[in-house]
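The residues making up each chain are set out below.
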Amino acid sequence: MIKYVVKRLLEMIPIIFALTFVVFTIMYFTPGDPTAVILGNEYTEEASMRIKQELGLDKPFFVQFVRYVGNLIRGDFGMSYITRAPVSEQLIGRFPNTFKVVAGAMLFCVALGVPIGVFSGTKPYSLLSNITMVIGLLGVSLPIFWLGLLLILLFSVKLGWLPSSGIEGFSSLILPSIALGANYMANIMRTTRSSMLEVIRQDYIRTAKAKGVSQRNIVRKHALRNAMMPTITVIGMNIGALLGGVVLTETVFSIPGTGRLLVESINNRDTPSVLGCLVIMAVCVAVSNLIVDLIYAYIDPQIKSQYSGGRG
Amino acid sequence: MTETNAVRKYSTKKEFFKEYKKKSRLQEIWRMFLKNKLAVIGLVIFVIIVLTAIMAPLISDYENDAIKMNVSERLTPPNSQHIFGTDEIGRDIFARIVHGARISLLVGLSSVIIALFIGGIFGAVAGFFGGKVDGIIMRSMDVFLCLPDVLLALAIVAAFGTSLVNMTIAIGLSFTPKFSRVVRSAVMTVRDIEYVEAARAIGATNSRIILQHVLINCIGPIIVQVTLYVANAILTISALSFIGLGIKAPTPEWGNMLASGRAFMRDNAYIVMAPGFAIFITILSLNLLGDGLRDALDPRLKQ
Amino acid sequence: MDAKKVNTQENTLEIKNLEIEYFSDDGIVKAVNGIDIFIKTGKTIGLVGETGAGKTTTALSILNLVPEPQGKIVSGEILLEGKNVLTMNEDELEDIRGDKVAMIFQDPMTSLNPVLTIGDQIAEGLEIHRKISKKESIKQAKEMLELVGIPGDRAGEYPYQFSGGMKQRVVIAIALACSPDLLIADEPTTALDVTIQAQVLMLINELKDKYRMSMLMITHDLGIVAEVCDEVSVIYAGNILEHGNLKDIFDNMLHPYTKGLFDALPDIETRRSELKPIKGLTPDPTNLPSGCPFHPRCDYAMEVCFSVMPGNKWISSTHCVQCHLYKDTDKNML
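Note that the coordinates shown come from a computational prediction; the quantities given were computed from them, not determined experimentally. (Residues numbered from 1 in each chain as written. Chains lettered and ligands numbered in written order. Predicted model: local features only at pLDDT ≥ 70, side-chain atom pairs only at ≥ 80, totals over all residues. Heavy atoms only, no water.)

**Considering the overall build of chain B**
Link 1 in the chain: When helices and strands are tallied, chain B shows 14 helices and 0 strands.
Link 2 in the chain: Each helix (α) and strand (β) of chain B, taken in turn from the N terminus, gives the series α-α-α-α-α-α-α-α-α-α-α-α-α-α.
Link 3 in the chain: Within the span of chain B, comprising 303 residues, buried residues form 51% of the whole.
Link 4 in the chain: Considering only contacts within chain B whose residues lie at least 6 apart along the sequence, 70% involve residues at least 24 apart. (Helix = DSSP H or I, 4+ residues; strand = E, 2+ residues; numbered from the N terminus. Buried < 20%, exposed > 50% of the residue type's maximum accessible area, 1.4 Å probe, protein only. Contact = heavy atoms within 4.5 Å.)

Next comes the structure, spelled out in structure tokens:
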């Protein structure tokens, strides 16, 4: 298993490197003079030249890129053009908030989506199953930001139960987690349901039934693990989308997280901060995918035994 | 052969005969599609939305109703004159939604066409030639897949500015890797089927094979993906506009209507209802349509 | 094991007038249309027919496992050692499944759960029916594996680590774990390589004798029937067209369909160069022909065949045929 983890970690490095290159290139070709952003009203030709030299902006593209990556490896994301503080500090300050929201949403999706999906998959003709289908269908089409606004209107404005913004305490996490997670919850629910339906009509389920296994154990012992595989894949694919959606959630609920920082930095033309946010999010996606793959490997004996030194 | 399989096999065998004896394949797909009520509802709603977008100037006047400030009527709740009410500077929300549909559909469709074109070329080449070519193309596409497409679109918009054209390109490019995957796998499934082999054997050139046989035969899954990604693109446009990096006011766009209405929603909840619902119903209709098409094109997937 | 075998019933299994339908998008599929099957204790009956004739459905109905809600047992009785399987509740069914009746499935590649070790899969039935500890059941599972010719220490491996023939041995081990009274083998060798087929068949035959089980052997292969079975029922479109012992069917076949089946076989002795396939296709099960279901393909079809379903005509005490070519009087003529 450790061999597998190391292998996957090593595979991650070139991907993150390549991604940094892509994002860096996009930002490099941004029209406009960054020194104008840095200097603002104090802009003079001389000052501009001086800063360009200081930051190495006068160097060729590849020199700049190599320098950026070199700094990145040491954990240095550069200086913000606006606050003149290290980008890494901003990220450290903001990232935990993003993490909380994403983790909350993840919990919401999985804790609700999987059991409902399993249940309605085993009883495909029940009322609950049909209701699940409808909710699932509507849920995947709900825009995060609109759902967020509706939740605020209902639970904060009308009922006054939950705060509409900020990130103080557990209660402030509930609405953002639901808003961010609803789409993916619906998606996970639908996937689990249909893979459960698919698994339940497999030959090996019939074999188990012919052995006299009870309905409950058919689901628990025979169907669930097989049905979980597509669900885990969907969860893995959704982590990226979840991190994309966090930009919207943080905007709706005024949460000072990485997503908000990204939008602010884009508006301020603060290239190092934009780069920093994108790189951090890409790393998050890569790490989450790794975790999902590890869970997958744990469930699928074929991958597991490949790396545990067993036979086959 | 198990009995259930036999039943399934019979029904496809029957369809097989129907297909070639009585009806063309298209008619058969259409018949399957019509059986799916949800998909038909989706199609009807989407057609209504498209017609609304096309006839927007006939339905309401762009300058007078959708753009011009009208302070005396600001924040009027829905009534017979303004069925969705008016916004914070007195513009008719209904008119803005109708005109907003044009932008959403225009950007949605054109960005997917961009993605399909670029991604399609890469995917078809990768899928058809396989081996090293496939490896190089797909590994580079994988890099992009690591970044959520909203973020990729954001980065592109951040770099090149927020014009309508830039946004279309940004969304198109951010979907490109996904389309290359779809086209690649579609091409790979038909690549080894006998008739392609046969075409090769009689000496048809590679490009002709790709175009004539492969692309024609993988058009089905591509249409499904196009439908679903138009929905995705429309969502992305409104999302970008909502966070202020897309279409800017006063141009009516559903996402920026939500963004500007947000500040007033505490006392005027209706202001965020209609624009949000417009996004929701458009995406829903496309999702229903896409799911229905997928089931109709591949009856085996139906549960 | 022997104590369990004390069985007062002459017949392990009696299927009477069984009718099963499936509901599909294209209409009602009449899969099984009033068949009778009797299996005497310790005997093997072969159920022979083409794909889609209703063989597997019949087999599943004995375990009351016809897939619901598409499939429905419309009428009939299935008496297992005198008790009607179709009126049992879920608990009673779970008790007989795997214990009194076990089934070997056609496709070993898909019949094993990919995420459980084969040891667990064999032990599971033992744990349920023998009420023994997990450890004990695994021990017995290993013995079962040895019995079917797989080293016991491979019990901890997963299905993907085995070849098709080995998997089918595992499936057999699962079925035989609780030494059932009745074994249903649903085309147990169809999915296997020809060289493996004989091995697996021999194994089944050997174990059947060892445990003195009754067996229902479902197949489309007359060679297997000749090797394994005591009696044969020929099934076509959900009807048993002819039934008899091996001699009746192989040497004295009566029904044109049965004859057709034999004519479609290559014959090494006469080295006939041309096979004679049965003309036409199996009927569309959503729209079965009126009268005798075989009449559209039958060379001897008469007017009466188009409208009247022939009943069972007993030719001898062991041999019975459903065909208008034969009259009940034949029985007297003998």
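Now that the structure has been shown, we can carry on.
**As for the overall build of chain A**
Link 1 in the chain: Along chain A, the regular secondary structure elements total 13 helices and 0 strands.
Link 2 in the chain: Along the first, second and third principal axes, the C-alpha set of chain A runs to 85 × 60 × 30 Å.
Link 3 in the chain: Out of the 312 residues in chain A, the part that is buried amounts to 54%.
Link 4 in the chain: Of the side chains in chain A, 27 bear a positive and 17 a negative charge, and the two mean positions are spaced by 20 Å. (Lys, Arg positive; Asp, Glu negative; His and termini not counted. Charge placed at Lys NZ, Arg CZ, Asp CG, Glu CD.)

**Considerations on the sheet that holds strand 4 (residues 71-80) of chain C**
Residues and elements named next belong to chain C.
Link 1 in the chain: Read across the sheet, 4 strands follow the order 2-1-4-5 without closing on themselves; strand pairing throughout is antiparallel. The strands lining the two open edges of the sheet, one partner per strand, are strand 2 (27-40) and strand 5 (83-84).
Link 2 in the chain: Where strand 4 lies against strand 5, 2 bridges are found, and the strand directions are antiparallel. Residue pairing across strands places L79 opposite N84, the latter belonging to strand 5.
Link 3 in the chain: The strands touched by helix 1 (residues 55-62) within the sheet are strand 1 (11-24), strand 2 and strand 4, with strand 1 carrying the most contacts at an inclination of about 120°. (Pairing = 2+ DSSP bridges. Axes fitted to C-alpha atoms, helices over the stretch in contact; angles between N-to-C directions.)

**Description of the interface of chain C and chain A**
Link 1 in the chain: Across the boundary between the two partners, chain C contributes 30 residues, which contact 24 residues of chain A.
Link 2 in the chain: On the chain C side of the interface with chain A, the three residues burying the most area are C:V115, C:E124 and C:Y160, jointly 24% of the side's total.
Link 3 in the chain: Here chain C is connected to chain A by 2 salt bridges.
Link 4 in the chain: Residue C:E124 pairs with A:K211 through a salt bridge whose shortest N-O separation is 2.9 Å.
Link 5 in the chain: On the surface where chain C and chain A come into contact, there are 11 residue pairs in polar contact (both at pLDDT 80 or more).
Link 6 in the chain: Those elements that place two or more of their residues in the side of chain C that touches chain A are helix 1, helix 3 (108-111) and helix 4 (118-130) of chain C. (Buried area = accessible area lost by both parts, 1.4 Å probe. Salt bridge = Lys/Arg side-chain N within 4 Å of Asp/Glu carboxyl O. Polar contact = N/O pair within 3.5 Å; in protein donor to acceptor, adjacent residues only side chain to side chain.)

**As for the environment of C:Y160**
Residues and elements named next belong to chain C.
Link 1 in the chain: Residue position: Y160 is located in the loop between helix 5 (134-147) and helix 6 (164-176).
Link 2 in the chain: Classification of Y160 as partly exposed rests on a relative accessible area of 26%.
Link 3 in the chain: Considered as a pair, Y160 and K40 are 120 residues apart in the sequence and their alpha carbons are 38 Å apart.

**Concerning the interface of chain B and chain A**
Link 1 in the chain: Taken together, the 40 residues of chain B in the interface contact 47 residues of chain A.
Link 2 in the chain: Summed over both partners, the interface of chain B with chain A buries about 3,900 Å², with 78% contributed by carbon and sulfur atoms.
Link 3 in the chain: B:D291 is paired through a salt bridge with A:R190; the nearest N and O atoms lie 2.7 Å apart.
Link 4 in the chain: At the boundary of chain B with chain A, the tally comes to 5 residue pairs in polar contact (both at pLDDT 80 or more).
Link 5 in the chain: Secondary structure elements with two or more residues in the side of chain B that touches chain A: helix 7 (131-145), helix 8 (149-160), helix 12 (219-242) and helix 14 (270-297) of chain B.

**What to know about the pairing of strand 10 (residues 239-245) of chain C**
Regular strands have side chains that alternate between both faces of the sheet.
Residue and element names in this part refer to chain C.
Link 1 in the chain: Counting buried residues in strand 10 gives 6 out of 7 residues, a clear majority hidden from the surface.
Link 2 in the chain: Relative to strand 10, strand 9 (residues 231-236) runs antiparallel, the two sharing 6 bridges. Its bridge partner lying in strand 10, Y236 is registered against N239.
Link 3 in the chain: Hairpin connection, strand 9 to strand 10: the antiparallel pair is bridged by 2 residues, and A237 has positive phi, about 50°.
Link 4 in the chain: Pairing analysis gives 2 bridges linking strand 10 to strand 12 (residues 320-321), with the strands arranged antiparallel. Its bridge partner lying in strand 12, H243 is registered against C320.

**A few points about the confidence of the model for chain B**
Residues and elements named next belong to chain B.
Link 1 in the chain: In the predicted model, chain B carries a mean pLDDT of 80, and 82% of its residues have values of at least 70.
Link 2 in the chain: Overall, residues 1-22 carries pLDDT values under 50, and its contacts beyond four positions in sequence, including any with other chains, amount to 39 contacts.
Link 3 in the chain: Interface scoring of the predicted complex returns ipTM 0.84; its pTM is 0.78. (pLDDT = per-residue confidence, 0-100.)

**Re a nonpolar patch on the surface**
Residues and elements named next belong to chain B.
Link 1 in the chain: Judged by side-chain polarity, V47, L51, I54, M55, L58 and I59 come together as a nonpolar surface patch covering roughly 560 Å² of accessible area.
Link 2 in the chain: For the nonpolar patch, the element with the highest residue contribution is helix 3 (residues 37-54), accounting for 3 residues.
Link 3 in the chain: Mapped onto the elements, L51 comes out in helix 3.
Link 4 in the chain: You can call L51 partly exposed: its relative accessible area is 42%. (Patch = residues over 30% accessible without salt bridge, like charges linked within 9 Å, V, L, I, M, F, W, Y side chains within 5 Å. Areas by Shrake-Rupley, 256 points an atom, 1.4 Å probe, with all protein chains shown as cover.)

**A word on the pattern of salt bridges**
All names here are of chain A.
Link 1 in the chain: In the structure shown here, the tally under the stated rule is 21 salt bridges over all chains.
Link 2 in the chain: R8 is paired through a salt bridge with D293; the nearest N and O atoms lie 2.1 Å apart. Residue R8 is found in helix 1 (residues 2-28), and its partner D293 is found in helix 12 (residues 271-299); the two are separated by 285 residues along the sequence.
Link 3 in the chain: Residue class for D293 comes out partly exposed when judged on its relative accessible area of 26%.
Link 4 in the chain: Taken together, the shared-partner salt bridges connect K7, R8, E11 and D293 into one network.

**Concerning the environment of A:F145**
Link 1 in the chain: Counting through the fold element by element, A:F145 comes out in helix 7 (residues 144-158).
Link 2 in the chain: Excluding anything up to four places from it in sequence, A:F145 contacts A:L248, A:V252, B:L235, B:S238, B:A239, B:F242, B:L258 and B:I279.

**Considering the pairing of strand 1 of chain C**
Residue and element names in this part refer to chain C.
Link 1 in the chain: Where strand 1 lies against strand 2, 11 bridges are found, and the strand directions are antiparallel. By the bridge assignment for strand 2, E19 is matched with N33.
Link 2 in the chain: Counting the residues between successive antiparallel strands, the hairpin from strand 1 to strand 2 contains 2 residues.
Link 3 in the chain: Pairing of strand 1 with strand 4 involves 8 bridges; the strand directions are antiparallel.

**Describing unusual backbone geometry**
All names here are of chain C.
Link 1 in the chain: In this model, E81 sits at a positive phi of 50°, which is unusual for a non-glycine residue.
Link 2 in the chain: For E81, a relative accessible area of 17% corresponds to the buried category.
Link 3 in the chain: Here K131, not a glycine, exhibits a phi torsion of approximately 50°, which is positive.
Link 4 in the chain: Here K131 shows up in the loop between helix 4 and helix 5.
Link 5 in the chain: By relative accessible area, which is 67% here, K131 ends up exposed.

**Comments concerning the sheet that holds strand 7 (residues 182-186) of chain C**
Backbone-to-backbone hydrogen bonds join strands into a sheet, with any given pair of strands oriented parallel or antiparallel.
All names here are of chain C.
Link 1 in the chain: Spatially, 8 strands are ordered 6-7-8-3-9-10-12-11 in an open sheet, and the strand pairing comes out mixed. Looking at the sheet topology across the chains shown, the edges are occupied by strand 6 (101-104) and strand 11 (313-314).
Link 2 in the chain: In this fold helix 6 packs onto strand 6 and strand 7, with an angle of close to 175° to the strand it touches most, strand 6.

**Observations regarding the domain arrangement of chain A**
All names here are of chain A.
Link 1 in the chain: Domain assignment breaks chain A into domain 1 (2-73) and domain 2 (91-310).
Link 2 in the chain: Domain 1 and domain 2 are separated by 33 Å when their C-alpha centres are compared.
Link 3 in the chain: Taken together, the contacts link 18 residues of domain 1 with 18 residues of domain 2.
Link 4 in the chain: Our count for the contact surface shared by domain 1 and domain 2 stands at 1 salt bridge.
Link 5 in the chain: The tally of links between domain 1 and domain 2 comes to 1 residue pair in polar contact (both at pLDDT 80 or more).
Link 6 in the chain: In terms of residue count, the dominant contributor to the side of domain 1 that touches domain 2 is helix 1 (12 residues).
Link 7 in the chain: Counted by class, the side of domain 1 that touches domain 2 contains 13 nonpolar, 3 polar and 2 charged residues. (Domains from an automatic or database assignment. Nonpolar A, V, L, I, M, F, W, Y, C, P; charged D, E, K, R; others polar.)

**Remarks on the packing of aromatic side chains**
Link 1 in the chain: Inspection of every chain in the model, using the stated rule, returns 23 aromatic pairs over all chains.
Link 2 in the chain: Between the aromatic rings of B:W30 and B:F33, the centroid separation amounts to 5.7 Å while the plane-to-plane angle is 15°, which identifies the pairing as stacked. Taken together, the positions of B:W30 and B:F33, both in helix 2 (residues 25-35) and 3 residues apart, correspond to about one turn of that helix.
Link 3 in the chain: You can call B:W30 partly exposed: its relative accessible area is 46%.
Link 4 in the chain: By way of ring pairs, the aromatic residues A:F17, A:F21, A:F24, A:Y28, A:F61, A:F62, A:F65 and A:Y68 are connected into one cluster. (Phe/Tyr/Trp six-rings, centres within 6.5 Å; stacked < 30°, edge-to-face > 60°.)

**What to know about the side chain of A:S172**
Link 1 in the chain: With respect to the secondary-structure elements, A:S172 resides in helix 8 (residues 171-200).
Link 2 in the chain: The residues contacting A:S172, other than those within four sequence positions of it, are A:P163, A:S165, A:G166 and A:I167.

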